[in-house]
2 protein chains.
Amino acid sequence: MAPQLEPFFKQVDDLSGSFIDRLRKAVAIPSISAQDENRKDVFKMAQFLASELEALGAEVEQRPLGKQPGKEHLDLPPVVVARYGNDKNKRTILVYGHYDVQPALKEDGWATEPFELTVDDQGRMFGRGSTDDKGPVLGWLNVIEAHKKAGVDFPVNLLCCFEGMEEYGSEGLEEFIQTESKKFFKDADAVCISDNYWLGTEKPCLTYGLRGCNYYSVSVSGPAQDLHSGVFGGSAHEPMTDLVNVLSKLVDPKGKILIPGIMDLVEPMSEDEKSLYPNISYTMENLHESLGSETGIHPTKEETLMARWRYPSLSIHGIEGAYSAPGAKTVIPAKVIGKFSIRTVPNMESEDVNKLVFDHIKSEFAKLNSKNKLDVWLQHDGKWWVASPKHWNFTAASKAVQQVFGVEPDMTREGGSIPVTLSFEQATGKNVLLLPMGSSTDAAHSVNEKLDKRNYIEGTKLLGAYLHYVAEEPMNH
Amino acid sequence: MAPQLEPFFKQVDDLSGSFIDRLRKAVAIPSISAQDENRKDVFKMAQFLASELEALGAEVEQRPLGKQPGKEHLDLPPVVVARYGNDKNKRTILVYGHYDVQPALKEDGWATEPFELTVDDQGRMFGRGSTDDKGPVLGWLNVIEAHKKAGVDFPVNLLCCFEGMEEYGSEGLEEFIQTESKKFFKDADAVCISDNYWLGTEKPCLTYGLRGCNYYSVSVSGPAQDLHSGVFGGSAHEPMTDLVNVLSKLVDPKGKILIPGIMDLVEPMSEDEKSLYPNISYTMENLHESLGSETGIHPTKEETLMARWRYPSLSIHGIEGAYSAPGAKTVIPAKVIGKFSIRTVPNMESEDVNKLVFDHIKSEFAKLNSKNKLDVWLQHDGKWWVASPKHWNFTAASKAVQQVFGVEPDMTREGGSIPVTLSFEQATGKNVLLLPMGSSTDAAHSVNEKLDKRNYIEGTKLLGAYLHYVAEEPMNH
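Thresholds, definitions, all that
- Residues numbered from 1 in each chain as written.
- Chains lettered and ligands numbered in written order.
- Predicted model: local features only at pLDDT ≥ 70, side-chain atom pairs only at ≥ 80, totals over all residues.
- Heavy atoms only, no water.
- Phe/Tyr/Trp six-rings, centres within 6.5 Å; stacked < 30°, edge-to-face > 60°.
- Lys NZ or Arg CZ within 6 Å of the ring centre and 35° of its normal.
- UniProt positions renumbered as here; feature names shortened; annotations may be inferred.
- Buried < 20%, exposed > 50% of the residue type's maximum accessible area, 1.4 Å probe, protein only.
- Contact = heavy atoms within 4.5 Å.
- Polar contact = N/O pair within 3.5 Å; in protein donor to acceptor, adjacent residues only side chain to side chain.
- Helix = DSSP H or I, 4+ residues; strand = E, 2+ residues; numbered from the N terminus.
- Axes fitted to C-alpha atoms, helices over the stretch in contact; angles between N-to-C directions.
- Left-handed = near helix turned anticlockwise from the far one by under 90°.
- Nonpolar A, V, L, I, M, F, W, Y, C, P; charged D, E, K, R; others polar.
- Least-squares fit on C-alpha atoms with pLDDT ≥ 70 in both.
- Buried area = accessible area lost by both parts, 1.4 Å probe.
- Salt bridge = Lys/Arg side-chain N within 4 Å of Asp/Glu carboxyl O.

Under the annotation held in an unreviewed UniProt entry, chain A carries the name CNDP dipeptidase and is attributed to Aspergillus fijiensis CBS 313.89.

Structure below.
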């Protein structure tokens, strides 16, 4: 054990009651960013964080982001930035979290009041924001407090970036990060984000990759207005027939993408990478449990995780303009728009993917010899992110996990995107680590969101230990 | 000309002003069957018809149909039945029409008040129900009045069946027709329905066939709940992928049904039938105008009309359970239900079609080797109808068209279903003729519905002349 960890850990245990009180106070503020009427609570929560950080001796600023685009009667909540320590001989770690939460109403099916932290006899602490993301954010404050009270020197300079609009699209944050990477964040040597979850409930993980997402629309139009299928059926080219045909040429039932050239863009698997999969604490039963069915494509956990994390996938989401209600309607829709997206991975560049998608769809449509008109466009894209899990930032976190939990962490990627990750990487040029505190059963965004006491208290130790190992790691990047 | 037609025609011309007044009174009653608050007006319209018929000397009954299923606080409007004449030496013709109308609001885009008949300088009489179906219904009353005032013997016994729920599914009518075919309607020698439209604007038509409709749902389900495509994309069988694949195997972009065996059920075209098409007053420009585009499948009017009238067609209407809103949502829908229907023609029996559809879909799904679950079922079916256009009922109508309009009528079929047609044929066992009054531009169900004065007045002559020729036609069936 690093020499100062023992007194730090003991102090965390001694303060655990007050750390839970801190979380209770935070959960009690309904800082719901999506609801206008709660905007004042989002500001209140920013003030709470700023006051707590100041009381701990940090230099704090609440940075305004201006009016909310499209809702100009609302001010965007501030980004709470803080610096704790300013020693040129120490590494500087930039940490990110968010203090806003998803909406929650007791009548949605909560067993307890969503904005009253309620701890049950299994140590589950129920409350909106407990795990997403107030617990992890307060974890950093707890680390500072425990160091101060234990009289242990803080091992790094800490920069905090806590935002209040994460659950509503992180309005304004990307530009802010871009600007501050040259200013408030300019000293950062690495970034740590605690806003995702363990793969299971027992074993922590370090997350080093996320897939990107290219979202497409493909429209087929023909007649000037919807037609009656009795009157016109058989005499006119039907847009739905063409669209269904084109959509059926995108992906096969086993998930294989049928767009020529797409798989050629995918980075081949190295032996190193391959070796990470067998050790991961995940089973086919875990998959079946989360699906609620046994309709997985692949026979092994390794193939399943690779399919989710490091290979692209294509999903057809739905069709706009066709008849989508229950019941029966004999309509020939005049214009239908199919929606699908491709989850992207290294080294798929968005422009390359777009070209292959557009060419394939146009070529398949041409084969139909239809007089209808097809159009296809990108709705939005977000790039994939993969960090090197051998960087000292990860090595330090891995040692911290072993120290606190006695196991090697799962080295995971995620199938979905967390756009802020890439924003930090691109703006700072530094290694970014995702170091989650909560577990897979925490029900973020859902009813009965919770954070286990163990995850919160041992998680606080983990964040602190990570900073100590960061200070000790040799430079390798 | 049949000897009594001349004084009858002259009388119709002389009474044209009062016939238009009769239509004005009827249009002023907003007998909207779909709106609870107008149910009293539907009853008022029944009473109006009954009073007019009684004043003309008909024996009239308003037959109650009981409570409205699913809306038991409402009484169904009565069927107004009437008999005019009871001479065993005359043929008896049963005529059908409906006195309820579609909803209409000025603010929907009407140029005039929808429930005030407004005649413009081109003789277009605008008003809800003018052409659908109050004009045709009153046509029969006008025929009786003109005969009486001209002192011309009425050539047949007339039975009337005027319903008040046609625009809301003809609740209760089928059972009523079934029962009354042995009672009030038992003397009927043939049936005449005036509730459809000419193919164009200049030339009347006689309609001898309608397609049926088998409406299907096909569901594919997998996971227990919707999934996030980032998290699960690539690792689970996606119901949308499978459904789109199955739907793409139903029909090709040129409208060819891909279900094996379906086309073998279709009655071959006879030379007689084929000879009816070239004379029909219809052009490819008419098709393009009604489509609002040039996306017709076939190069000639004959093939186009055959595809609409005498060949089956398959239309895909939409998908329930998938993402159908504008915008982007990265969902993997857990269960999706495709809707499609087949327009049926002689000799496609519903059970045979169902078997071929179910077998084909199950076989195509089996080829996918998906772990998802597929189900397919018939939502509803309605049989096709084809009458012999050589029956005296049609010959009489054809002679009447030539007499009144100086042209041979188009012999048409329609692609959509008019269920009451088959109900009358099956219940009475007699030939049914569809003899429309309105033209293709009348905008039934739409804003600015109208009936041209010419169609109403010459149409009244047509209905009367038809009855005279009916009386003269030799028995051939």
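Let us now look at the packing of aromatic side chains. Residues and elements named next belong to chain A. According to the stated counting rule, one finds 20 aromatic pairs over all chains in the structure shown. The structure contains a cluster of three or more aromatic residues connected by ring pairs, namely Y96, F176, F184, F185 and F424. Looking at R91, its charged tip hangs above the ring of W392, at a distance of 3.9 Å from the centre.

It is worth spelling out the UniProt feature "binding site: Mn(2+) 1" (unreviewed entry) in chain A at this point. Residues and elements named next belong to chain A. When the UniProt feature table is mapped onto this chain numbering, "binding site: Mn(2+) 1" (unreviewed entry) sits at D132, E167 and H445. Taken along the chain, the residues just named run across 314 residues; in space they keep tight, none of their C-alpha pairs more than 9.6 Å apart. Taking relative accessible area as the criterion, D132 reaches 4% and is therefore assigned buried. Beyond its immediate sequence surroundings of up to four residues, D132 is in contact with H98, D100, V101, E167, D195, Y197, A444, H445 and E449. Among the polar contacts listed, one links the side chain of D132 to the side chain of H98, at a separation of 2.9 Å. Secondary-structure assignment places H445 in the loop between β19 (432-434) and β20 (450-452). Each residue touching H445, except ones within four places of it in the same chain, is listed here: Q102, R128, D132 and E167. Here D132 takes part through its side chain, which lies 3.2 Å from a polar atom of the side chain of H445.

A word on the packing of helix α3 (residues 130-150) of chain A against helix α13 (residues 453-472) of chain A. All names here are of chain A. Here α3 crosses α13 at 65°, and the two axes come no closer than 9 Å. For the pair α3 and α13, the crossing hand works out as right-handed. Residues G135, P136, L138, G139, W140, N142, V143 and H147 of α3 form the contact with α13, whose own contacting residues are Y456, T460, L463, G464, Y466, L467 and H468. When the residues that make up the contact of α3 with α13 are grouped by side-chain class, the tally is 8 nonpolar, 7 polar and no charged.

A few words now on the relation of the copies chain B and chain A. To go from the first copy of the chain to the second, apply a rotation about an axis and then a shift along the same axis. Between chain B and chain A, which share one sequence, the superposing operator has a rotation angle of 180° and an axial displacement of 0.1 Å; the RMSD is 0.1 Å. A rotation of that kind, with that shift, is consistent with a two-fold axis. Closest approach to the rotation axis within chain B is made by the C-alpha atom of V244(B), at a distance of 2.8 Å.

In this section: the interface of chain B and chain A. With 75 residues of chain B in contact, the opposing surface of chain A contributes 75 residues. Buried area between chain B and chain A, summed over both chains or domains, comes out near 5700 Å², and the portion from carbon and sulfur atoms is 54%. Counting every contact that joins chain B to chain A gives 0 salt bridges. Between the two partners, chain B and chain A, sit 44 residue pairs in polar contact (both at pLDDT 80 or more).

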